[in-house]
Amino acid sequence: EYLIAKFGSTGNEKALIEPARQLAANGFKMDSILFEIWKRYNFGGMLDKAANDTFFPSGIMQTFVKQPALAETLKYLQDNGLGSFYQEPFASKLAASVNGLETADLTGYTIYVEDAVKGSFEGWDIYTSSPPMSGITFLQMLNMMESVQLQNYSVDSTEYYHYISDITNLAY
């Protein structure tokens, strides 16, 4: 709500949510590159049960994905406002379904606004979160990716993942 009021061009929350709700309800074709990467590296074994049931029902990766539970959640937020995410009864339902999340984490949440950290990547201005979040680390990772010219490697190549792994290890 804060971001919509401060930076949005429309105050219509329902309209902002609707494209995502439609994709979740009606489904979408899984990106072919992402599909091949997930299949190759068996990401289904790394997902929680709900995500695994969505993307790998009966152990078979889906090329067309529907997310009815997400569509219901988005509809709830459309009907009750984005602020309802942090209020009962939604907060306790979400907390019950996410390991390590407490209802009080949501109901006690207050927004904290800091100026963004600015960097650049391949000629683009990049704005990201300020400390203590890891925005600076993110910018360092982008700079390392730029220096090894990551765009020259195929997203499904061994070299690509080698660089991503090395960059992540160096950054953290």
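Basis of the calculations
Residues numbered from 1 in each chain as written. Predicted model: local features only at pLDDT ≥ 70, side-chain atom pairs only at ≥ 80, totals over all residues. Heavy atoms only, no water. Helix = DSSP H or I, 4+ residues; strand = E, 2+ residues; numbered from the N terminus. Polar contact = N/O pair within 3.5 Å; in protein donor to acceptor, adjacent residues only side chain to side chain. Contact = heavy atoms within 4.5 Å. Buried < 20%, exposed > 50% of the residue type's maximum accessible area, 1.4 Å probe, protein only. Arc of directions from axis to C-beta.

J.: Help me understand the side chain of S84 in this model?
T.: Mapped onto the fold, S84 is located in the loop between α5 (68-80) and α6 (90-97). Within the local environment of S84, its side chain forms a polar contact with the backbone oxygen of G81, the two atoms lying 2.6 Å apart. Residue contacts for S84: discarding those within four places in its chain leaves Y76, L77 and F90.

J.: What is the right way to look at the environment of E36 in this model?
T.: Following the sequence through the fold, E36 ends up in helix α3 (residues 32-40). Judged by relative accessible area, E36 falls into the partly exposed class, the value being 39%. Counting along the chain gives 96 residues from E36 to P132, while the straight-line C-alpha distance between them is 35 Å.

J.: Which parts of the structure should I look at to understand α6?
T.: Residues spaced three or four apart along an α-helix face the same direction, because each turn holds 3.6 residues. Buried within α6 we find F90, A91 and A95. With its buried residues spanning 125 degrees around the axis, α6 presents them on a single face. Away from its buried face by more than 90 degrees, α6 exposes K93, A96 and S97. Elements in contact with the buried residues of α6: α5 and α7 (103-107).

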